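# An overview of the molecular structure
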Amino acid sequence: MLSPHTQQNIIMPIPKITPKIESLYGLAEIRAGNLEVFVVSGGDEVRAAQALRYQVFVEEMGAKASAETTISKLDIDEFDAVCDHLLVVEHQADGGYKVVGTYRLLRREAMKKIGRFYTDG
(Lines give C-alpha, C1' and ligand atoms only; values in the text may rest on other atoms or scores of the structure.)
Protein backbone atom coordinates (compact mmCIF):
# COMPACT_ATOMS: atom_id res chain seq x y z
CA MET A 1 0.00 0.00 0.00
CA LEU A 2 1.30 3.47 -0.85
CA SER A 3 1.81 6.05 1.82
CA PRO A 4 -0.39 9.18 1.82
CA HIS A 5 2.78 11.13 0.91
CA THR A 6 3.20 9.16 -2.30
CA GLN A 7 -0.45 9.38 -3.25
CA GLN A 8 -0.57 13.16 -2.80
CA ASN A 9 2.40 13.80 -5.08
CA ILE A 10 1.24 12.03 -8.22
CA ILE A 11 -1.67 14.13 -9.40
CA MET A 12 -1.78 14.89 -13.10
CA PRO A 13 -4.51 16.37 -15.24
CA ILE A 14 -6.25 13.59 -17.09
CA PRO A 15 -6.61 13.84 -20.83
CA LYS A 16 -9.11 11.65 -22.64
CA ILE A 17 -6.99 8.52 -22.60
CA THR A 18 -7.34 6.12 -25.46
CA PRO A 19 -4.92 3.29 -24.74
CA LYS A 20 -2.63 2.73 -27.71
CA ILE A 21 -2.79 -1.05 -27.32
CA GLU A 22 -6.11 -1.54 -25.57
CA SER A 23 -6.88 -4.86 -27.23
CA LEU A 24 -3.40 -6.36 -26.85
CA TYR A 25 -4.40 -8.57 -23.92
CA GLY A 26 -8.08 -8.74 -24.80
CA LEU A 27 -8.76 -5.93 -22.34
CA ALA A 28 -10.02 -2.45 -22.87
CA GLU A 29 -10.22 0.00 -20.00
CA ILE A 30 -11.54 -1.60 -16.82
CA ARG A 31 -13.22 0.68 -14.30
CA ALA A 32 -14.62 0.08 -10.82
CA GLY A 33 -15.82 3.14 -8.96
CA ASN A 34 -13.13 5.80 -9.22
CA LEU A 35 -10.38 3.29 -10.09
CA GLU A 36 -9.46 2.46 -13.67
CA VAL A 37 -6.95 0.01 -15.15
CA PHE A 38 -5.55 0.14 -18.67
CA VAL A 39 -2.43 -0.62 -20.70
CA VAL A 40 -0.26 2.06 -22.35
CA SER A 41 3.07 1.98 -24.15
CA GLY A 42 4.30 5.56 -23.97
CA GLY A 43 3.62 9.20 -23.25
CA ASP A 44 2.62 11.08 -20.12
CA GLU A 45 1.04 8.00 -18.58
CA VAL A 46 4.36 6.12 -18.65
CA ARG A 47 6.12 9.14 -17.13
CA ALA A 48 3.54 9.10 -14.33
CA ALA A 49 4.32 5.40 -13.75
CA GLN A 50 8.06 6.21 -13.67
CA ALA A 51 7.38 8.96 -11.11
CA LEU A 52 5.45 6.51 -8.93
CA ARG A 53 8.25 3.94 -9.15
CA TYR A 54 10.78 6.62 -8.13
CA GLN A 55 8.69 7.68 -5.14
CA VAL A 56 8.14 4.12 -3.95
CA PHE A 57 11.61 2.69 -4.58
CA VAL A 58 13.82 5.71 -3.84
CA GLU A 59 11.87 7.96 -1.49
CA GLU A 60 9.99 5.33 0.50
CA MET A 61 12.21 2.25 0.30
CA GLY A 62 15.58 4.02 0.21
CA ALA A 63 16.96 2.62 -3.05
CA LYS A 64 20.11 4.37 -4.28
CA ALA A 65 19.55 6.51 -7.36
CA SER A 66 21.93 8.10 -9.84
CA ALA A 67 22.29 11.89 -9.88
CA GLU A 68 20.30 12.03 -13.13
CA THR A 69 17.48 9.96 -11.61
CA THR A 70 17.44 12.12 -8.49
CA ILE A 71 17.13 15.28 -10.58
CA SER A 72 14.38 13.92 -12.84
CA LYS A 73 12.57 12.05 -10.03
CA LEU A 74 11.74 9.36 -12.60
CA ASP A 75 12.73 5.69 -12.35
CA ILE A 76 13.67 4.99 -15.97
CA ASP A 77 15.47 2.00 -17.39
CA GLU A 78 15.93 0.22 -20.71
CA PHE A 79 12.83 -1.92 -20.17
CA ASP A 80 10.46 1.06 -20.28
CA ALA A 81 10.93 1.39 -24.04
CA VAL A 82 9.97 -2.21 -24.80
CA CYS A 83 7.43 -3.01 -22.09
CA ASP A 84 3.73 -2.34 -22.05
CA HIS A 85 2.69 -0.53 -18.89
CA LEU A 86 -0.37 -1.49 -16.88
CA LEU A 87 -1.61 1.53 -14.91
CA VAL A 88 -4.10 1.80 -12.09
CA VAL A 89 -5.40 5.34 -11.73
CA GLU A 90 -7.71 6.89 -9.18
CA HIS A 91 -9.96 9.55 -10.71
CA GLN A 92 -10.26 12.77 -8.72
CA ALA A 93 -13.32 15.01 -8.30
CA ASP A 94 -11.48 17.86 -10.07
CA GLY A 95 -11.09 15.81 -13.28
CA GLY A 96 -7.48 14.84 -12.58
CA TYR A 97 -6.14 11.45 -11.58
CA LYS A 98 -3.49 9.85 -9.41
CA VAL A 99 -1.46 6.90 -10.62
CA VAL A 100 -1.77 4.51 -7.67
CA GLY A 101 -0.33 1.36 -9.21
CA THR A 102 1.79 0.25 -12.12
CA TYR A 103 3.21 -2.95 -13.57
CA ARG A 104 5.37 -3.53 -16.63
CA LEU A 105 4.47 -6.32 -19.04
CA LEU A 106 7.32 -7.76 -21.11
CA ARG A 107 6.03 -9.83 -24.01
CA ARG A 108 8.29 -12.44 -25.61
CA GLU A 109 8.66 -10.38 -28.83
CA ALA A 110 9.77 -7.36 -26.80
CA MET A 111 12.15 -9.51 -24.75
CA LYS A 112 13.85 -10.60 -27.95
CA LYS A 113 14.52 -6.92 -28.80
CA ILE A 114 16.24 -6.29 -25.47
CA GLY A 115 17.80 -9.75 -25.23
CA ARG A 116 16.86 -10.64 -21.67
CA PHE A 117 14.16 -10.66 -19.03
CA TYR A 118 14.17 -8.07 -16.25
CA THR A 119 14.92 -10.77 -13.67
CA ASP A 120 18.09 -11.77 -15.56
CA GLY A 121 19.86 -8.63 -14.28
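Residues numbered from 1 in each chain as written. Predicted model: local features only at pLDDT ≥ 70, side-chain atom pairs only at ≥ 80, totals over all residues. Heavy atoms only, no water.

### Section: the confidence of the model for the protein
Of all residues in the protein, 76% attain a pLDDT of 70 or more, and the chain-wide mean is 79. Averaged pLDDT values for the elements of the protein fall to 43 in helix α1 (residues 4-8) and rise to 95 in helix α3 (residues 67-72). Across residues 1-26, confidence stays below pLDDT 50; counting only partners more than four residues off in sequence or on other chains, it has 55 contacts. (pLDDT = per-residue confidence, 0-100. Helix = DSSP H or I, 4+ residues; strand = E, 2+ residues; numbered from the N terminus. Contact = heavy atoms within 4.5 Å.)

### Overview of the pattern of salt bridges
By the definition in use, this model includes eight salt bridges. The closest approach of N and O atoms between glutamate 78 and arginine 116, which form a salt bridge, is 2.5 Å. Of the two residues, glutamate 78 is situated in the loop between α3 and β4 (84-91) and arginine 116 in the segment after α4 (108-114); the sequence distance between them amounts to 38 residues. Judged by its relative accessible area of 45%, glutamate 78 falls in the partly exposed class. One connected set of salt bridges, linked through shared partners, spans Arg53, Asp75, Asp77, Asp80 and Arg104. (Salt bridge = Lys/Arg side-chain N within 4 Å of Asp/Glu carboxyl O. Buried < 20%, exposed > 50% of the residue type's maximum accessible area, 1.4 Å probe, protein only.)

### A short note on the environment of arginine 116
Under the relative-accessibility criterion, arginine 116 is labelled partly exposed at 26%. Each C-alpha atom of the pair arginine 116 and phenylalanine 79 lies 9.7 Å from the other, and the pair is 37 residues apart in sequence. Excluding residues within four positions of it along the chain, arginine 116 makes contact with Glu78, Phe79, Leu106, Met111 and Gly121. Looking at arginine 116, its side chain comes within polar contact range of the side chain of glutamate 78, at 2.5 Å. (Polar contact = N/O pair within 3.5 Å; in protein donor to acceptor, adjacent residues only side chain to side chain.)

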